[in-house]
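An overview of the molecular structure
Listed here are the chains, written in short residue letters.
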Amino acid sequence: MDERGALALLEGELESVGDDAAVVDDLVITTDMLHERTDFPAGTTRYTAGWRAVGASLSDVAAMGAEATAAVAAYAAPEFDREELLAFVRGASDVCELVDSEYVGGDLDGHEEFTVSTTAIGHTDAPVTRDGAQPGDLVCVTGTLGRSAAALELFEHATETNSEGTDTSKTVASGTLERANDLFRFEPRVGAGRTLAPHASAMMDSSDGLARSLYQLSAAGECGFAVDSSQLPVDETLLEVTATDEAALDLAITFGEDFELVATIPEDALADARSASDVDLTVVGSVTEPAHGITLDGDVLEDCGYTHGD
């Protein structure tokens, strides 16, 4: 079975499976695994890898509306290069510091492929789960969509440019890689999650893409969604690096790995939620009755998104 089939199997076996993180006695805990082949494109620095790997777990803490406490990482590689290892730890430490958390170490192991397993913990006495959306609630997203898709385009462009072998192409590739790495270092929305928690009826992060997030929220809350494409906050860099606005929109909806928050908020709580949030909060649609399904501009929105291992 694939990843989604395995998750569905485990949801039937483990009571706590189904949200971005588990909550045990007000302690929020989550874990992730990333691999060089599927998660770190050629040109990703070890600093960016440390930031992104730990940030992915911190994003799960954010999706529960929790305060982030600490994170650890298991680092596995064919060999331990001094500069790479130190850069990884600095990236992991810096993303934790950004959200008032702490990187407290982890484990080292030899492995044929650079692989990172991260765990983050947090705290909340009022977690926001995926199952609370009600018809009439508004669907909101933080930040922009498509940042990671834009980064991947730039990583690929830099690799193609550098393969030409000229001094000019190396300069261009270096600048492009720097920009791609910057886009890959997202800010986990821990602060936004905390401020949205009192107002949100359901919440999760968009690591699997907006479309798949809506299907997951739909399954948990037994509801439908109607989304308006004209309201989607497509990242400006994605619009710049894709051939058409339509292609950018498709990637913004389905690519995933943006680690923004997708929240459903009662209409009468929107103003308070926006005033409390430390990032832009965009209304992209509404919650509907389950019979209406999940639509984009009135048409069925397919369940497409990121799957680990693809």
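Nothing here was measured: the structure is a model prediction, and the numbers come from that model. (Residues numbered from 1 in each chain as written. Predicted model: local features only at pLDDT ≥ 70, side-chain atom pairs only at ≥ 80, totals over all residues. Heavy atoms only, no water.)

Quick word on the environment of Met-203
The following threshold applies: Numbering of helices and strands runs from the N terminus; a helix is a DSSP stretch of H or I covering at least four residues, while a strand is a stretch of E covering at least two. Burial classification: accessible surface area is computed with a 1.4 Å probe over protein chains only, and a residue below 20% of its type maximum counts as buried, one above 50% as exposed, and the rest as partly exposed.
With respect to the helices and strands, the residue Met-203 is situated in strand S7 (residues 202-205). On the basis of relative accessible area, Met-203 is assigned to the buried category, the value being 0%. Through-space distance from the C-alpha of Met-203 to that of Ser-213 is 9.5 Å; in sequence the pair is 10 residues apart.

A few points about unusual backbone geometry
With a phi close to 65 degrees, Glu-257 is a non-glycine residue in the positive phi region. Along the chain, the position of Glu-257 falls in the loop between helix H10 (245-254) and strand S9 (261-265). Overall, the relative accessible area of 8% leaves Glu-257 in the buried class. Residue Asp-297 is not a glycine yet carries a positive backbone phi of 55 degrees. Inspection of the secondary structure puts Asp-297 in the loop between strand S11 (294-296) and strand S12 (299-300).

Focus on the nonpolar core
For the record, the criterion: The nonpolar core is taken to be a set of buried Ala, Val, Leu, Ile, Met, Phe, Trp, Tyr and Cys residues, with the residues joined through side-chain atoms within 4.5 Å. As annotated, the domain borders come from an automatic or database domain assignment. In this description, contact between two residues means that some pair of their heavy atoms is separated by no more than 4.5 Å.
Counting residues in hydrophobic clusters, the biggest one holds 45 residues, and the most contacted among them are Val-54, Leu-58, Phe-88, Phe-114 and Ile-265. For this core, the element with the most residues is helix H3 (residues 46-63), which contributes eight residues. Two domains each provide a minimum of three residues to this core, namely domain 1 (21-123) and domain 2 (138-151 + 184-300). When near neighbours in sequence (up to four residues on either side) are disregarded, Phe-114 contacts Leu-34, His-35, Glu-36, Phe-40, Arg-46, Ala-49, Tyr-75, Ala-76, Ala-77, Pro-78 and Phe-88.

Remarks on the UniProt feature "binding site: Mg(2+) 3" (unreviewed entry) in the chain
Put simply, the test is: UniProt positions are given in the numbering used here, feature names are shortened, and annotations may be inferred rather than shown by experiment.
With numbering matched to this structure, UniProt assigns "binding site: Mg(2+) 3" (unreviewed entry) to Asp-20, Asp-60 and Asp-205. A maximum C-alpha distance of 7.5 Å among these annotated residues, which run over 186 residues, shows that they cluster at one spot. Considering the arrangement of structural elements, one finds Asp-20 in the loop between helix H1 (3-11) and strand S1 (22-24). Not counting residues up to four positions away in its chain, the partners in contact with Asp-20 are Thr-30, Asp-60, Ala-63, Met-64, Arg-130, Met-203, Met-204 and Asp-205. Within the fold, Asp-205 resides in strand S7. In this view, Asp-205 contacts Asp-20, Ser-59, Asp-60, Ala-63, Ser-213, Phe-259, Glu-260 and Leu-261; residues no more than four positions away in its chain are not counted.

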